[in-house]
Amino acid sequence: MIYWEIFLAFFIPGILGYGGGPASIPLVENEVVDRYGWMTTQEFSEVLALGNSLPGPIATKMAGYIGYAEGGLLGAGVALFATIAPSLILMIVLLGLIMKYKDSPRVKKMSTLVRPTIAVLLGVMTWGFFADAIEATGTVQTVVLAAISFVLLERFKVHPAFVIAGALVYGAVFLG
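1. Examining the packing of aromatic side chains
For the coordinates displayed, the defined rule picks out 7 aromatic pairs. Between Phe-44 and Phe-129 the ring centres are 6.4 Å apart and the planes differ by 40 degrees, which places this aromatic pair in the tilted class. With Phe-44 in helix H3 (residues 41-53) and Phe-129 in helix H5 (residues 105-137), this pair connects stretches of sequence that are 85 residues apart. Each of the two residues, Phe-44 as well as Phe-129, counts as buried. For the ring pair Trp-127 and Phe-130, a centre distance of 5.8 Å and an interplane angle of 35 degrees mean the geometry is tilted. One end of the pair is Trp-127 and the other is Phe-130, both in helix H5 and 3 residues apart, which spans about a single turn. Exposure remark for Trp-127: the relative accessible area of 60% places this residue in the exposed category. Here a set of aromatic residues connected by ring pairs shows up, and it is made of Trp-4, Phe-7, Phe-11 and Phe-81. Note that Arg-155 overlies the ring of Phe-156, its terminal NZ or CZ placed 5.9 Å from the centroid.

Cut-off values and rules
Residues numbered from 1 in each chain as written. Predicted model: local features only at pLDDT ≥ 70, side-chain atom pairs only at ≥ 80, totals over all residues. Heavy atoms only, no water. Phe/Tyr/Trp six-rings, centres within 6.5 Å; stacked < 30°, edge-to-face > 60°. Helix = DSSP H or I, 4+ residues; strand = E, 2+ residues; numbered from the N terminus. Buried < 20%, exposed > 50% of the residue type's maximum accessible area, 1.4 Å probe, protein only. Lys NZ or Arg CZ within 6 Å of the ring centre and 35° of its normal.

Now the structure itself:
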């Protein structure tokens with residue numbers, strides 16, 4: 001039964017997450033945290049941060065990790081397959097249709113209209129992470145870490161993996 005749940009937890013966001021990883025992350029969070037209760041929001045945000053620091057598609061990295069945590073090696077395989085299956089099916093079945101209408105103004109307009117929705121979903125998820133961080137570590141620590149991270153990323157162009165690693169070390173040393 002767990003393997004079916006793992007499959008659904010990643011297949012459904014794969015179908016509904018138009019645009020790939022960034023669009024499907026809030027949907028995966030809903031499945032993993034709210035529907036199945038496999039993780040807390042804090043744990044999910046840590047998996048997301050770790051996945052973002054590694055090369056490659058975020059959705060597959062998260063699926064592999066969460067699938068492995070819930071169902072071992074087979075769970076990781078099921079989660080990975082469920083993540084790529086919607087795209088794989090659509091590519092195989094609808095490739096001709098996509099190629100025929102790829103330059104259509106309607107298709108381009110649809111993509112343009114979906115982007116704000118994705119931005120709102122990511123914003124809501126970010127706000128949830130921020131609220132959980134304030135609850136867990138306090139307002140001052142969260143604001144200071146956010147400000148330092150922003151400066152490192154925007155002003156000094158430090159790679160996000162190093163910023164995440166630095167925040168992890170800070171949390172382990174000063175908050176752990």
